[in-house]
2 protein chains.
Amino acid sequence: MIVGLSSKIINRLTLYHNILVDYVDKGVENISSPQIASLLKIDDSQVRKDIKFLNNAGVCKIGYCVADLKKSIEKALGFKKKKKAFIAGAGNLGFALAKYTNFAVYGFEILALFDNDPLKIDLSVNGKKVFHISKLPELKKNLKLDIAILTVPRKFAQETVKLITTSGIKYIWNFTPCVLDTPSDIKILNENLVGKFIQFTINPNMV
Amino acid sequence: MIVGLSSKIINRLTLYHNILVDYVDKGVENISSPQIASLLKIDDSQVRKDIKFLNNAGVCKIGYCVADLKKSIEKALGFKKKKKAFIAGAGNLGFALAKYTNFAVYGFEILALFDNDPLKIDLSVNGKKVFHISKLPELKKNLKLDIAILTVPRKFAQETVKLITTSGIKYIWNFTPCVLDTPSDIKILNENLVGKFIQFTINPNMV
């Protein structure tokens, strides 16, 4: 894993990876920096600069070797490092994320869902079972869960986070529109979907 | 609307806004920069600096006036400017986004969903109807839609985008893990959920 990459480079590398996955699917063996740049509507020189960070991985006579470049990005971004997660909130968004098979590509395993609605307990989605939220401390230990994905309704967000942090989870990926009050050692990624979209409407040329 | 704000400031302002919405709900009238900073685990001076961009909006003796600061952020980020959108792909994620009432706060109206599955046509979610994708050109015109939210499965992404762009839509918010091939005048926001999470696992102190 390459330490010290900026957020913007990491974002672009994962987008290049998306393109490479698609090229592998299609059986295409080589790709050029202008091809990548044109798909992302960014500058060709930016793509070459980013790939230089990977020690010019996959360079060949006609651009880059798709398989090698893909592997280098996976190594640089630590895709092989397993990240064990669960979803708190088995609603539409929780189910959508549980079904999102692309997470596995990134070493990201969703092992269970939790909810407090009796009608949802024991449902299964994409091979992942819904448990009552009271089972969290026990399953956290048994399944070695370390990341919470929070998709509960706004009004349950703060109390659910309290349960999550007292069960020993340190990483929370927050999809609710709430800013959560947590102990200082808890790391939170506020997904802030609308915020990102507002940025886009103000400045649509960002990648 | 304040032009030229960086992505990072816009992101933080929308997070401050989330906090202020919560304080309004709770009937709290004033908030201090250390309170905001502590909730977001960022530096107090950063919060003050951001608010200075809003011409020190809402400053009062005991911090900021919640209602005034909230209004200033809404003005700076153009929340009153209506953005008319539709969802292409009436699956779990499409339904989750259609139910996300918080969008309206930002002037963001989702007016319809589209799908090609006959079983989904005429379903309703949160007052929004699912139409067959073939109705898009007609409804684009009648409802004055200008933003597409793409939540179709990976394999349908490229063909759906072709339909969307030929119907005259210029803004696409792409939730699929595909990098889409589009004409140069189309603006795409690649949501890239996993990319953002990878950034978080590498550098958990970002906001």
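Please read all numbers here as calculations on a predicted model, not as lab measurements.

**Student:** Mind showing me how you'd approach the relation of the copies chain B and chain A here?
**Tutor:** Between the two copies of this chain, the relationship is a rotation about some axis together with a displacement along it. For the pair chain B and chain A, the relating rotation is 180 degrees, the translation along its axis is 0.0 Å, and the fit reaches an RMSD of 0.0 Å. Both copies are brought into coincidence by an operation consistent with a two-fold rotation axis. Mapped onto chain A, 100% of the interface residues of chain B are again interface residues, and the two copies thus contact each other with one and the same surface.

**Student:** Where do I start with the interface of chain B and chain A in this structure?
**Tutor:** You'll often see interface size given as the accessible area lost when the parts meet. Facing 61 residues of chain B, the contacting portion of chain A comprises 61 residues. Contact between chain B and chain A buries roughly 5800 Å² in total, counting both sides, with carbon and sulfur atoms accounting for 66%. Contact with chain A buries surface across chain B, with N92(B), V179(B) and F197(B) losing the most and accounting together for 12% of the total. Within the residue set of the side of chain B that touches chain A, elements represented by two or more residues are α1 (7-26), α2 (33-40), α5 (92-99), β9 (171-174), β10 (187-190) and α8 (193-202) of chain B.

**Student:** Please explain the sheet that holds strand β6 (residues 124-125) of chain A as it appears in this structure.
**Tutor:** Sheet strands line up and pair through hydrogen bonds in the backbone, either parallel or antiparallel. Residue and element names in this part refer to chain A. Reading across from one edge, β6-β7-β5-β4-β8-β9-β10 is the order of the seven strands in this open sheet, with mixed pairing throughout. Of all the strands in the sheet, just β6 and β10 (187-190) have a single pairing partner and so form its edges. In this sheet, strand β9 (residues 171-174) lies alongside strand β8 (residues 147-150) in parallel orientation, the contact comprising four bridges. Paired with I147 across the two strands is Y171, which belongs to β9. Against the sheet, helix α5 (residues 92-99) engages β4 (83-88), β5 (108-115), β6, β7 (128-132) and β8, with an angle of about 155 degrees to β5. Of the strands in this sheet, β4, β8 and β9 touch helix α7 (residues 157-166), which is tilted by about 170 degrees from β8.

**Student:** Even after reading the chapter, I still don't get helix α7 (residues 157-166) of chain B, so can you show me in this structure?
**Tutor:** Think of an α-helix as 3.6 residues a turn; residues three or four steps apart then line up on the same face. Residue and element names in this part refer to chain B. A157, T160, V161, I164 and T165 are the residues of α7 that are buried. Each buried residue of α7 lies within a common arc of 130 degrees when the element is viewed along its axis, so the set occupies one face. Facing away from the buried side of α7 by over 90 degrees, the exposed positions are E159, K162 and T166. G168 lies just past α7 and shows a positive phi near 100 degrees.

**Student:** Help me understand the nonpolar core in this model?
**Tutor:** The nonpolar side chains of soluble globular proteins are, as a tendency, buried together. F108(A) and F108(B) are the most contacted members of the largest nonpolar core, which totals 106 residues. The residues touching F108(A), leaving out its near neighbours within four places in the chain, are K83(A), A85(A), F103(A), I147(A), I149(A), W173(A) and F197(B).

**Student:** I'm lost on the sheet that holds strand β5 (residues 108-115) of chain B in this one. Help?
**Tutor:** Residues and elements named next belong to chain B. Pairing is mixed across the open sheet formed by seven strands, whose spatial order is β6-β7-β5-β4-β8-β9-β10. In this open sheet, the two edge strands, each paired with only one partner strand, are β6 (124-125) and β10. Running at roughly 165 degrees to β5, helix α6 (residues 136-143) makes contact with β4 (83-88), β5 and β7 (128-132) of the sheet. Strand contacts of α7: β4, β8 (147-150) and β9, with the helix running at about 170 degrees to β8, the strand carrying the most contacts.

**Student:** How do you make sense of the packing of helix α2 (residues 33-40) of chain A against helix α3 (residues 44-53) of chain A when you look at a structure like this?
**Tutor:** Helix-helix packing is described using two parameters, namely the angle between the two axes and the distance between the axes. Residues and elements named next belong to chain A. In contact at an axis separation of 8 Å, α2 and α3 are set at 115 degrees when each is read in the N-to-C sense. Helix-helix and strand crossings are classified by hand; for α2 and α3 the assignment is right-handed. Residue-level inspection shows S33, P34, I36 and A37 of α2 in contact with α3, the latter providing D44, V47, R48 and I51. Among the residues making up the contact of α2 with α3, the classes are represented as five nonpolar, one polar and two charged.

**Student:** Explanation requested: unusual backbone geometry in the structure shown.
**Tutor:** Peptide bonds are, in most cases, trans, and in most cases residues other than glycine have a negative phi. Residue and element names in this part refer to chain B. In this structure, K41 takes a positive phi of about 55 degrees despite not being glycine. Mapped onto the elements of the fold, K41 is located in the loop between α2 and α3 (44-53). With relative accessibility at 34%, the residue K41 sits in the partly exposed group.

**Student:** Even after reading the chapter, I still don't get the pattern of salt bridges, so can you show me in this structure?
**Tutor:** Any two side chains of opposite charge can pair if their charged atoms end up close together. All names here are of chain A. Going through the model one piece at a time under the given rule, you end up with twelve salt bridges over all chains. Two residues, D50 and R12, come together in a salt bridge whose shortest N-O distance is 2.6 Å. With D50 in helix α3 and R12 in helix α1 (residues 7-26), this residue pair connects regions lying 38 residues apart in the sequence. Take R12: its relative accessible area is 12%, and that puts it in the buried class. Among the ionic pairs, D185 bridges to K170, the shortest N-O distance being 2.7 Å. Taken together, the residues D185 in the loop between β9 and β10 and K170 in the loop between α7 and β9 connect sequence positions 15 residues apart. According to the relative accessible area criterion, D185 is partly exposed, its value standing at 38%.

Analysis parameters
- Residues numbered from 1 in each chain as written.
- Chains lettered and ligands numbered in written order.
- Predicted model: local features only at pLDDT ≥ 70, side-chain atom pairs only at ≥ 80, totals over all residues.
- Heavy atoms only, no water.
- Least-squares fit on C-alpha atoms with pLDDT ≥ 70 in both.
- Contact = heavy atoms within 4.5 Å.
- Buried area = accessible area lost by both parts, 1.4 Å probe.
- Helix = DSSP H or I, 4+ residues; strand = E, 2+ residues; numbered from the N terminus.
- Pairing = 2+ DSSP bridges.
- Axes fitted to C-alpha atoms, helices over the stretch in contact; angles between N-to-C directions.
- Buried < 20%, exposed > 50% of the residue type's maximum accessible area, 1.4 Å probe, protein only.
- Arc of directions from axis to C-beta.
- Core = buried A, V, L, I, M, F, W, Y, C linked by side-chain atoms within 4.5 Å.
- Left-handed = near helix turned anticlockwise from the far one by under 90°.
- Nonpolar A, V, L, I, M, F, W, Y, C, P; charged D, E, K, R; others polar.
- Salt bridge = Lys/Arg side-chain N within 4 Å of Asp/Glu carboxyl O.

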